[in-house]
Amino acid sequence: MPIKNGLEYIESLRNRNLKVYLFGELVEEPVDHPMIRPSINAVAETYDLAVDDPDLGSTKSSLTGLQVNRFLHIAESPQDLVNQNRMQRKLGQKTGTCFQRCVGMDALNSLYSTTFDIDKKYGVKYHDRLVNFIKMIQYENFVIGGAMTDVKGDRSLSPSQQDDPDMFLHVVKRDDKGVYVKGAKAHQTGCINSHWLIVMPTMRLRPEDKDYAIVGAIPVDAKGITYIYGRQSCDTRSMESGDLDAGNSQFSGQEALVIFDEVFIPNELIFMDGEIEFASTLVERFTCYHRRSYVCKTGLGDVLIGASAAAAEYNGISNASHIKDKLTEMTHLNETIFAAGIASSHQAYKTESGNYINDDMLANVCKHNVTRFPYEIGRLAQDIAGGLMVTMPSEKDFRGPITGPLLEKYLKGKKGVSTEDKVRIARLIENMTLGRNAVGYLTESMHGAGSPQAQRIQIARQMQLEYKKKLARNLANIKEGENTSTELLSEPSEYFDRIFGIKNN
Ligand SMILES: Cc1cc2nc3c(=O)[nH]c(=O)nc-3n(C[C@H](O)[C@H](O)[C@H](O)COP(=O)(O)OP(=O)(O)OC[C@H]3O[C@@H](n4cnc5c(N)ncnc54)[C@H](O)[C@@H]3O)c2cc1C
Ligand code: SF4
């Protein structure tokens, strides 16, 4: 039976045969673990949004003819990509953290066109297999985790140059039914909260790396998989009684190290196997989609701006000009992130396979801004919140018969505002800038979808300096001569074509 809402989703995660380690021990039932549960609640919101606001959280799929969760949809128009961004901002606002489903969504969309291209070149059947898989998950309404990042060992070496061949996921055995893979994927968002994982190579590969060019779908509870849960700052606060100290006790992100020990992938779930030249195609298309998915952080930014404004109000400083200016600056930075992401989606164009892909340059600009602006927004939030955010006593002290009344009296803010409300807002700002959800708001912004340098490389590749020099020389009346390279005469890239609408589909 397909999963219909958040509650059914949570129930669908029970009684699975998962091997999850946390604090050195096997977790009996992740769903009931107080440290894990907030991350499950965040994914559940993606189901409830599809019910409460079907235009935003779901859409009709031409593949199945069904109304499907938007996270499982293959983009059929630029508007589909724009709607993904709008949905991501809304879910960021509702959860204040990473809701974990975009990696899967972006993996499906990048694989859709990549498998089509591989089939065209080699006459294989990866695309049909992928479409069958997508139809099944659309029908069942499953969560898909995207497992791209390998542990990578020595970063200066390629997969086959590593001392230990398992630093990148690779095929170690084959039979006529499928392949067996070994290795480990790091920082896997929402993996334990997923139903399926799609494993993909993480970088450009060489001919000697053929066994590393493997893409396939694997059920999360497949034999041979071990999960080791990632710690987040202050995560055990959600295991304490009360909800005040957690800051955001309902929602969190989730990452784990996933170890694959000869995990079987049957032929019908293999979507790439040895076609090394398509590894970089897949990575580039995936990061193109995923880097503008980071508009999710503007939803978190909305929460932090709201928390800062509330903190200022509770302290009686809302009307101070520097506070207004700081809130304006935070909003400007937040909207700048959104502007690039949504513009990238609006500039989407059709691939040969028939689905749509957003603009790569603007996606990289969006993600590059995300590696910087949330830190500045967080700095300003901490400025406005004041030092209490990090020196405040615990909830137990607020509830204690002796300390409670003292804290109530001495930590009070503006007349008419309860001390507890003031404390709650300060804890939320702590949660998002120093605590558990600083993973989702700050460090994930830095490294998720690739560290800053990865975007600079893509931006540099597409910046078309020769074309821009030509523009300048034309206006400066410099004649094309011996000292001007033939590159000067090169035409603008597809990026400019799309900007000026020449190739827009
Ligand atoms: C919260 C979070 C969630 C994530 N979720 C997912 C997920 O769901 N799925 C997934 O597949 N991945 C996920 N990632 C992984 C993310 O894509 C990687 O963190 C990112 O690609 C950087 O890799 P790394 O963490 O191994 O850092 P490193 O590779 O160790 O990078 C550290 C620094 O070294 C530099 N560096 C690395 N290699 C080189 C080199 N060869 N030459 C020069 N400089 C180099 C980098 O630019 C960076 O400055 C997530 C990451 C985070 C933090
Ligand atoms: S970081 Fe943002 S884009 Fe990535 S999975 Fe989390 S919510 Fe989605």
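## Points about the overall build of the chain
Here's step 1: When you go through the chain residue by residue, the secondary structure sums to 19 helices and 14 strands.
Here's step 2: Computed over its C-alpha atoms, the radius of gyration of the chain comes to 24 Å, within 12% of the 23 Å expected for a compact globule of 505 residues.
Here's step 3: When its C-alpha atoms are laid out on the principal axes, the chain stretches across 75 × 70 × 50 Å.
Here's step 4: Per element, the accessible surface of the chain, about 21700 Å² overall, is 53% carbon and sulfur.
Here's step 5: Of the side-chain charges in the chain, 59 are positive and 65 negative, and the distance between the mean point of each set is 4 Å.

## Details of the site of ligand 2
Here's step 1: Taken together, the residues surrounding ligand 2 are Cys98, Phe99, Gln100, Cys102, His290, Ser293, Tyr294, Cys296, Lys297 and Glu444.
Here's step 2: Every element with two or more residues in the shell around ligand 2 is listed here: α7 (277–293) and α8 (296–314).
Here's step 3: For the shell around ligand 2, the residue count by class is five nonpolar, three polar and two charged.
Here's step 4: Composition of the shell around ligand 2 by domain shows at least three residues from each of domain 1 (6–277) and domain 2 (293–460).

## Brief notes about the sheet that holds strand β6 (residues 170–175)
Here's step 1: Ordered in space as β2-β1-β10-β11-β7-β6, the six strands form an open sheet in which the pairing is mixed. Looking at which strands have only one partner, the edges of the open sheet turn out to be β2 (25–26) and β6.
Here's step 2: Direction of pairing for strand β1 (residues 20–22) relative to strand β10 (residues 225–229): parallel, over a ladder of two bridges. Residue pairing across strands places Tyr21 opposite Ile228, the latter belonging to β10.

## Structural notes on the sheet that holds strand β12 (residues 270–273)
Here's step 1: Taken in spatial order, the four strands line up as β5-β8-β9-β12 in an open sheet, and their pairing is mixed. Each of the sheet's edge strands pairs with one partner strand only, and the pair in question is β5 (144–147) and β12. When the angles between neighbouring strand axes are averaged without regard to direction, this sheet yields 20°.
Here's step 2: As paired strands, strand β8 (residues 196–199) and strand β9 (residues 214–219) are joined by four bridges and run antiparallel to one another.

## Examining the domain arrangement of the chain
As a measure of interface size, the accessible area lost when the parts come together is often cited.
Here's step 1: Taken domain by domain, the chain comprises domain 1 (6–277), domain 2 (293–460) and domain 3 (464–499).
Here's step 2: Each of domain 2 and domain 3 has a C-alpha centre, and these two points are 41 Å apart.

## Regarding a nonpolar patch on the surface
Here's step 1: Residues Tyr21, Leu26 and Ile228 make up a contiguous nonpolar surface patch of roughly 250 Å² in combined accessible area.
Here's step 2: Assignment of secondary structure puts Ile228 in strand β10.

## Regarding the side chain of Lys326
Here's step 1: With respect to the helices and strands, Lys326 occurs in helix α9 (residues 321–346).
Here's step 2: Every residue in contact with Lys326, bar those within four places of it in the chain, is listed here: Leu380, Asp383 and Ile384.

## Side note on the nonpolar core
Here's step 1: The biggest cluster of nonpolar side chains holds 73 residues, and the ones touching the most others in it are Tyr9, Phe133, Val181, Ile198, Ile218, Tyr227 and Phe260.
Here's step 2: Every residue in contact with Phe260, bar those within four places of it in the chain, is listed here: Leu169, Val181, Lys182, Gly183, Ala184, Lys185, Leu197, Val199, Ile218, Gly224 and Ile225.
Here's step 3: Membership of the second largest hydrophobic core comes to 38 residues, among which are Leu300, Ala310, Met330 and Tyr441.

## Considerations on the site of ligand 1
Here's step 1: Among the 17 residues in the neighbourhood of ligand 1, the closest are listed as Met148, Thr149, Arg155, His187 and Thr189.
Here's step 2: Between an oxygen atom of ligand 1 and a main-chain N or O atom of Met148, the distance comes to 2.8 Å.
Here's step 3: Gln188 places a polar side-chain atom, nitrogen or oxygen, 3.4 Å from an oxygen atom of ligand 1.
Here's step 4: Within the complex, the protein chains bury 65% of what would otherwise be the 970 Å² of accessible surface of ligand 1.
Here's step 5: Looking at the shell around ligand 1, the elements that each hand over two or more residues are β5, β7 (178–189) and α16 (438–447).
Here's step 6: Residue contributions to the shell around ligand 1 peak at three residues, all from β7.
Here's step 7: Each of two domains, domain 1 (6–277) and domain 2 (293–460), supplies a minimum of three residues to the shell around ligand 1.

## Quick look at the pairing of β6
Here's step 1: When β6 meets β7, the two strands line up antiparallel, connected through five bridges. Paired with Asp175 across the strands is Gly178, a residue of β7.

## Quick word on the packing of aromatic side chains
Here's step 1: Counted by the stated rule, this structure contains six aromatic pairs.
Here's step 2: Taken together, a centroid distance of 4.8 Å and an interplanar angle of 15° make the contact between Tyr9 and Tyr47 stacked. Separated by 38 residues along the polypeptide, Tyr9 in helix α1 (residues 6–12) and Tyr47 in helix α2 (residues 37–52) bring together distant segments of the chain.
Here's step 3: The exposure class of Tyr47 is buried, given its relative accessible area of 1%.
Here's step 4: For the ring pair Phe133 and Phe271, a centre distance of 5.9 Å and an interplane angle of 45° mean the geometry is tilted. Residue Phe133 is located in helix α6 (residues 126–140), and its partner Phe271 is located in strand β12; the two are separated by 138 residues in the primary sequence.

## Quick notes on the packing of α8 against α16
Here's step 1: At a closest axis distance of 10 Å, the pairing of α8 and α16 adopts a crossing angle of 140°. Here α16 runs oblique to α8, going by the angle between their axes. As for the relative orientation of α8 and α16, their crossing is left-handed in sense. Residues Lys297, Leu300, Gly301 and Leu304 of α8 form the contact with α16, whose participating residues are Gly440, Tyr441, Glu444 and Ser445.
Here's step 2: By residue class, the composition of the contact of α8 with α16 is three nonpolar, three polar and two charged.

Rules of the game
Residues numbered from 1 in each chain as written. Chains lettered and ligands numbered in written order. Predicted model: local features only at pLDDT ≥ 70, side-chain atom pairs only at ≥ 80, totals over all residues. Heavy atoms only, no water. Helix = DSSP H or I, 4+ residues; strand = E, 2+ residues; numbered from the N terminus. Rg over C-alpha atoms; globule rule 2.2 N^0.38 Å. Areas by Shrake-Rupley, 256 points an atom, 1.4 Å probe, with all protein chains shown as cover. Lys, Arg positive; Asp, Glu negative; His and termini not counted. Charge placed at Lys NZ, Arg CZ, Asp CG, Glu CD. Near = heavy atom within 4 Å. Nonpolar A, V, L, I, M, F, W, Y, C, P; charged D, E, K, R; others polar. Domains from an automatic or database assignment. Pairing = 2+ DSSP bridges. Axes fitted to C-alpha atoms, helices over the stretch in contact; angles between N-to-C directions. Patch = residues over 30% accessible without salt bridge, like charges linked within 9 Å, V, L, I, M, F, W, Y side chains within 5 Å. Salt bridge = Lys/Arg side-chain N within 4 Å of Asp/Glu carboxyl O. Contact = heavy atoms within 4.5 Å. Core = buried A, V, L, I, M, F, W, Y, C linked by side-chain atoms within 4.5 Å. Buried < 20%, exposed > 50% of the residue type's maximum accessible area, 1.4 Å probe, protein only. Polar contact = N/O pair within 3.5 Å; in protein donor to acceptor, adjacent residues only side chain to side chain. Phe/Tyr/Trp six-rings, centres within 6.5 Å; stacked < 30°, edge-to-face > 60°. Parallel < 35°, antiparallel > 145°, perpendicular 65-115°, else oblique. Left-handed = near helix turned anticlockwise from the far one by under 90°.

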